[in-house]
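An overview of the molecular structure
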Amino acid sequence: MIIEAINVVYRVPNGQTVYEGLSLQVRPGEFLGILGRNGAGKTTLMDLLTGYRPISGGSLKVMGEEPISSHRRNKDQIFVLSHDIQIQQSHKVSNYLEFTSFFYPLYDKKLEGELVEYFDLDPSAKFGSLSTGQKVKAQIVAAFSCMPNLILMDEVTAVLDPESRKKFFDLLRTVKRRQECSVVMATNIAEDLNGIVDKVLFIDRRKATVHKVDEIRHLFNLEDAA
Amino acid sequence: MKTYLHFLKSNLLYNKVELSFSYGLTGLVFCFYFYLREVGSEAMTGMNFVSIAFYALLYAFFSNKKKFNLKYLVSLPMPKAQMLMVKTCSDIVFFAPFICLGFAGGILSKLEVHPLALFVLLVQAAILASLVLFDSDVEQPRVENTKASFVNRLVFIRNKLDFLFSLGIVGGIAAVVFISKIDEVAAGLILVTIGFLGIGLKYYQSLRLLKDESLSYFIVKRDMLKMGLKASLIAAPVVFMHLNSDKLNSPFGSNKVFESILKNDLGTLEKYVETGELPVSKGYTPLLVAGRVGNVEAFNLIYSKAESSIDDVVSGKKFFGYGVAHLSALSNNLSMMERVLSIRPDALDMKTSQNKTPLMVAASNCKAEMVDYLLHKGANPNIQTAKGETALILAAKRSCIASTALLLEYNANPLVKDKKGKMALDYFGENSKLKYLFKRKMPKEHFEAKRALASEEKL
């Protein structure tokens, strides 16, 4: 199992309870979408899976290890892609890719070159001169070049232009077809998940439930709105 | 090690502009020092270096921020413990100017710590500063995302108290080490060991903070108790020192006989003298105490009725070997000195085991009136201590201008060198305002030879 969560509880110390009894399973090669209203806890779930925050109760395992543990061995098979990650402004795209590649033994330099071209990125450009979308594209290049078994994506599609979004989803479809890795993708754009993910985790009022992709429209009362 | 070198390399390569700026400034400071090294004393230059090092530390604090945010670092495939270690140790490149300037400052100020220990201590300080920075990187995003409430804001007070507590412990230990005047190698070893313990403790705390989110919040039950305990531990020594300031400030301890001497309570003193109950505390006899505080009446009472010897010397740690004449010089009470000399005229040049005379004691403590009196009485100004220091050198070392002027007036020899090969003027600095006084007493050839040497060096 890539991800296994059993009755996970997360409470912000001195704050509100974000989840109660969250259970979830992600198998190898499976794509999971995470949906929820603003402030429901999508990014917080990503933080729990990354090991940035500890769970308050239950059990959470990613690649067979507790994310908060200090001695994880399988972390080089996971890549975290987030709109929240900031890279120093003076770093060039090539600097960032080189720094990241050091940590991933399966890093594919050839693929990196192809993806840089595919996403039309300038490797000599500094992060300070890039738009938010271009910064995310640099992270996407790193994510797929690392050849991980699991990619955690947090709100990355919203900042991409239509052409780059199409390229990104085409790439995701190729990866899914080859069953190269599992993907967990948190997003606010429900349509992004159509035809991409195998199931959806919907977080609402401390509860998280797993749904089929075709149930997305019911989750947000989109039919009534239409 | 490989990961550490990777971080170190990335810090050096990807922060070229910032580092060039700070390293360049440090280089300029050193260039200025070598260009202007004749100006002022070394101790003053040392203090200037220490001040600049403080600014370098501040610069490192502000420039060493937001290279990669914590989320990125946590997501990297390496254990948190290793990430914390390599990140904080590789950030040392930002603190290099602080280490260099602090080291130069420490050496020039003649700190009583071994140079190697001083260097290690500065590196330790840089690593500690880096760990403190890391903690703020962990805490800031957590605290920013919490609901603004009174309880959550208490974290700020708790952190400040923690910082004060740590600073108090470090300062206390360093003070004890310096006050106890142990050998500089031993002092260095103790401080470096404590430094490593401090880093270990801070590292453990930072790691806990990284794993335990609740530590970034104020948990009333847990933190009130801890804060109370720490506040008490900070307050207790302060209150104790305040309540016992008299006893603590007294170099000879406290008992009823000594108190009666200090308060000039001759009635009480007489009772003790008659019963013969005269205590010795911290190596001081009552007669020595009377001499130290300059109480002539108490001195006469003890000397006439008790079996106290004028040859008593301090056997305690502070002022070891000082006789009543040395202590009278320290008291700066001329009548006291007059009385001692009336009993023992040869006490004028009485020497301790280190060859220190009452004149040297007065000169090195800037007691100009006493220096004048002793010189007038015929004290020899050219006696040297075991370290080769004369009264003039001791006065110059402490920048006692009036005493220096008086000693020169009474023909103290300005050409005598101590065992470090330095004369009194060397301790004042070449451009000292007192140079004229020295010039009057020193042969012309000395200055001419020095000037010739300086111009040769320039060529």
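A quick note: this is a predicted structure, and the numbers were derived from the prediction, not measured.

**Examining the interface of chain B and chain A**
- Counting residues at the interface gives 34 residues for chain B and 33 residues for chain A.
- Of the roughly 3,300 Å² buried at the junction of chain B and chain A (both faces included), carbon and sulfur atoms supply 57%.
- Among the residues of chain B in contact with chain A, Y14(B), K71(B) and P77(B) are the three that bury the most area, contributing 24% of the side total.
- On inspection of chain B and its partner chain A, the count reaches two salt bridges.
- Its salt-bridge partner being D47(A), residue K71(B) comes within 3.0 Å of it at the nearest N-O pair.
- At the boundary of chain B and chain A, one finds nine residue pairs in polar contact (both at pLDDT 80 or more).
- Broken down by element, the residue count for the side of chain B that touches chain A peaks at seven residues, all from helix α1 (residues 2-14) of chain B.
- Along the lines of polarity and charge, the residues of the side of chain B that touches chain A split into 15 nonpolar, nine polar and ten charged.

**A look at a nonpolar patch on the surface**
Residues and elements named next belong to chain B.
- A grouping of F21, L25, L28 and F32 is seen on the molecular surface, where their side chains present a nonpolar patch of about 420 Å² in accessible area.
- Locating L28 in the fold gives a position in helix α2 (residues 16-35).
- By relative accessible area, which is 45% here, L28 ends up partly exposed.

**Concerning α2(B)**
Residue and element names in this part refer to chain B.
- With 20 residues, α2 extends 28 Å from end C-alpha to end C-alpha; this agrees with the ideal 28 Å at 1.5 Å per step.
- Of all the positions in α2, only L19, S22, T26, V29 and Y33 are classed as buried. Taken around the axis of α2, the buried residues stretch over an arc of 90 degrees, which confines them to a single face. Facing away from the buried side of α2 by over 90 degrees, the exposed positions are K16, V17, F32, F34 and Y35.

**Things to note about the pairing of strand β9 (residues 207-211) of chain A**
- Relative to β9(A), strand β8 (residues 199-204) of chain A runs antiparallel, the two sharing five bridges. When the bridges of β9(A) are listed, I203(A) appears paired with A208(A).

**So, the sheet that holds strand β4 (residues 57-62) of chain A**
All names here are of chain A.
- The three strands are arranged β2-β1-β4 in an open sheet whose pairing can be described as antiparallel. If you trace the sheet from one side to the other, it starts and ends with β2 (17-26) and β4, each paired once. Neighbour to neighbour, the strand axes of the sheet diverge by 20 degrees on average, direction disregarded.
- Here strand β1 (residues 3-11) runs beside β2; their pairing, made up of six bridges, is antiparallel. Residue pairing for β2: A5 is matched across the bridge by L24.
- Along the sheet, helix α1 (residues 42-50) makes contact with β1, β2 and β4, crossing β2 at roughly 60 degrees.

**Considerations on the pairing of strand β5 (residues 78-82) of chain A**
All names here are of chain A.
- Here β5 lies mainly inside the structure; five of its five residues are buried.
- Residues I78, V80 and S82 point to one face of β5 and F79 and L81 to the other, with burial holding for every one of them.
- Pairing of β5 with strand β6 (residues 150-154) involves five bridges; the strand directions are parallel. Bridge assignment links L81 to a residue of β6, and that residue is M153.

**Details of unusual backbone geometry**
Residues and elements named next belong to chain B.
- Although it is not a glycine, N264 adopts a positive phi angle of roughly 55 degrees.
- Summarising the element assignment, N264 is placed in the loop between α12 (256-262) and α13 (266-275).
- Despite not being glycine, C366 shows a phi value in the positive range, around 60 degrees.

**Comments concerning the packing of aromatic side chains**
- Within the structure shown, the criterion is met by ten aromatic pairs over all chains.
- For the ring pair Y96(A) and Y72(B), a centre distance of 5.9 Å and an interplane angle of 50 degrees mean the geometry is tilted. Of this pair, Y96(A) sits in helix α2 (residues 93-101) while Y72(B) sits in helix α4 (residues 70-75), each in a different chain. You'll find Y96(A) and Y72(B) in the same group, each marked buried.
- A centroid spacing of 6.0 Å and a plane angle of 10 degrees characterise the contact between F299(B) and Y303(B), whose relative ring orientation is stacked. Taken as a pair, F299(B) and Y303(B) lie in helix α15 (residues 296-305) at a separation of four residues, close to a single helical turn.
- F299(B) sits in the buried class, given a relative accessible area of 0%.
- For Y303(B), a relative accessible area of 27% translates into the label partly exposed.
- Three or more aromatic residues link up through ring pairs in this structure, and these residues are Y96(A), F99(A), F102(A), F103(A), F127(A) and Y72(B).

**Thoughts on the packing of helix α14 (residues 286-293) of chain B against α15(B)**
Residue and element names in this part refer to chain B.
- Their axes nearest at 8 Å, the elements α14 and α15 cross at an angle of 160 degrees. Between α14 and α15, the angle falls in the class roughly antiparallel. Helix-helix and strand crossings are classified by hand; for α14 and α15 the assignment is left-handed. For the pair α14 and α15, contact is made by P286, L287 and A290 and by A298, F299, I302 and Y303, respectively.
- Within the contact of α14 with α15, the residues separate by chemical class into seven nonpolar, no polar and no charged.

**Topic: α14(B)**
Residue and element names in this part refer to chain B.
- Among the eight residues in α14, six count as buried, and that is most of the element.
- Burial in α14 covers these residues: P286, L287, L288, V289, A290 and G291.
- The elements touched by buried residues of α14 are α12, α15, α16 (324-331) and α17 (334-343).

The rules behind the values
Residues numbered from 1 in each chain as written. Chains lettered and ligands numbered in written order. Predicted model: local features only at pLDDT ≥ 70, side-chain atom pairs only at ≥ 80, totals over all residues. Heavy atoms only, no water. Contact = heavy atoms within 4.5 Å. Buried area = accessible area lost by both parts, 1.4 Å probe. Salt bridge = Lys/Arg side-chain N within 4 Å of Asp/Glu carboxyl O. Polar contact = N/O pair within 3.5 Å; in protein donor to acceptor, adjacent residues only side chain to side chain. Helix = DSSP H or I, 4+ residues; strand = E, 2+ residues; numbered from the N terminus. Nonpolar A, V, L, I, M, F, W, Y, C, P; charged D, E, K, R; others polar. Patch = residues over 30% accessible without salt bridge, like charges linked within 9 Å, V, L, I, M, F, W, Y side chains within 5 Å. Areas by Shrake-Rupley, 256 points an atom, 1.4 Å probe, with all protein chains shown as cover. Buried < 20%, exposed > 50% of the residue type's maximum accessible area, 1.4 Å probe, protein only. Expected span 1.5 Å × (residues − 1). Arc of directions from axis to C-beta. Pairing = 2+ DSSP bridges. Axes fitted to C-alpha atoms, helices over the stretch in contact; angles between N-to-C directions. Phe/Tyr/Trp six-rings, centres within 6.5 Å; stacked < 30°, edge-to-face > 60°. Parallel < 35°, antiparallel > 145°, perpendicular 65-115°, else oblique. Left-handed = near helix turned anticlockwise from the far one by under 90°.

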